[in-house]
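Tertiary structure, described
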Amino acid sequence: MENNKDNSSSYCPSYTVKPGAKLYGIVNENGFINYLKSPIEINQDFIEEAYKGREPEKRFRFAGNCSKSGCNQWNGNSKECGLVDQLIDIIGNEESMQLQDCPIRSKCRWFSQRKGLACAQCNEVIRDIEMKIIGVD
Ligand code: SF4
């Protein structure tokens, strides 16, 4: 697998809902993520429809280009996303031998940094939880 740690086209797997974002996961009734077979680029129509229900970021997972130093989670010293390490610490799941299927893995920033350990936390992550973890909520 390519290590895309410094690749500017890496995807943030916790992107906000906005036109051009890639929908790649849907939160199921148990609060875990069902990963799509392929990401779907969303448009304004999708967003307007999605806002008719609960907040889209509580129901879906989106990916988009990692903005690196343009994001508060970016660690300029290590040149990595700091959020994935917080999730590993707080959720604390052990790495599984069997990775779940994920349609963005080859471009995922978290996977490029922490491999299967990132994926082990990922299906419990909804953006709302992350906001609490980082103290924004
Ligand atoms: S951390 Fe793993 S499961 Fe989550 S989006 Fe990245 S590659 Fe997919």
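Each residue is numbered by its place in its chain's sequence as written, counting from 1. A pLDDT threshold of at least 70 governs which residues receive local features in this predicted model, and a stricter bar of 80 or more applies before side-chain atom pairs are shown or counted, although totals over entire chains, interfaces and linings include all residues. Remark: hydrogens and water are excluded; side-chain values derive from all non-hydrogen atoms of the structure.

Structural notes on helix α3 (residues 83–91)
Exposure is judged per residue with a 1.4 Å probe applied to protein chains only, and the accessible area is read against the type maximum: over 50% gives exposed, under 20% gives buried, and values in between give partly exposed. Segments assigned H or I by DSSP are reported as helices when at least four residues long, segments assigned E as strands when at least two residues long, and all are numbered from the N terminus. Within α3 the residues assigned to the buried category are Leu 83, Val 84, Leu 87 and Ile 88. Taken down its axis, α3 places every buried residue within 140° of arc, on the same side. Turned more than 90 degrees from where α3 packs its buried face, Asp 89 and Ile 90 sit exposed. Trailing α3 by a residue or two, Gly 92 shows a phi angle of about 75°, which is positive. Think of it as the arc spanned by the lines of direction from the helix axis to the C-beta atoms.

Some details on the state of the cysteines
Two cysteine sulfur atoms form a disulfide, by the criterion used here, when they sit within 2.5 Å. Evaluation of the coordinates by the stated rule reveals 0 disulfides. For the unlinked cysteine Cys 81, the closest cysteine sulfur is that of Cys 71, found at 6.3 Å. By relative accessible area, Cys 81 is classed as buried at 10%.

Structural notes on the pattern of salt bridges
Salt bridges are counted wherever a side-chain nitrogen of Lys or Arg sits within 4 Å of a carboxyl oxygen of Asp or Glu. The full count for this structure, using the stated rule, is 5 salt bridges. Across the pair Glu 41 and Lys 22 runs a salt bridge whose closest N-O atoms are separated by 3.8 Å. Here Lys 22 lies in strand β2 (residues 22–27) and Glu 41 lies in strand β3 (residues 33–41), a separation of 19 residues in the sequence. Among the salt bridges present, the one from Arg 114 reaches Asp 85, with a minimum N-O distance of 2.6 Å. With Arg 114 in helix α4 (residues 109–122) and Asp 85 in helix α3, the pair connects residues that are 29 residues apart, well separated along the chain. Ionic contacts of the salt-bridge type, sharing partners, join the residues Glu 80, Asp 85 and Arg 114 into one network.

Overview of the site of the ligand
It suffices for a single heavy atom of a residue to lie within 4 Å of a molecule or strand for the residue to be listed as near it. The ligand sits among 13 residues. The nearest are Cys 102, Arg 105, Cys 108, Cys 119 and Cys 122. Counting residues per element, the shell around the ligand draws most heavily on α4, at 5 residues.

What about the sheet that holds strand β4 (residues 60–65)?
Strands are labelled as partners when DSSP assigns at least two bridges between them. What the 4 strands build is an open sheet, ordered β1-β4-β2-β3; its pairing is antiparallel. Edge strands, defined here as strands with exactly one partner in the open sheet, are β1 (11–12) and β3. The pairing of β2 with β3 spans 5 bridges and is antiparallel. What sits directly across from Ile 26, in β3, is Asn 34.

Some words on the nonpolar core
By nonpolar core we mean a set of buried residues, namely Ala, Val, Leu, Ile, Met, Phe, Trp, Tyr and Cys, connected to one another through side-chain atoms within 4.5 Å. Core analysis: the largest hydrophobic core is formed by 20 residues, its most contacted members being Ile 104 and Trp 110. Tallying contributions element by element places α4 first for this core, with 5 residues. Core analysis: the second largest hydrophobic core is formed by 11 residues, Val 17, Ala 21, Ala 50 and Phe 62 among them.

That's the geometry; what it means functionally is another story.
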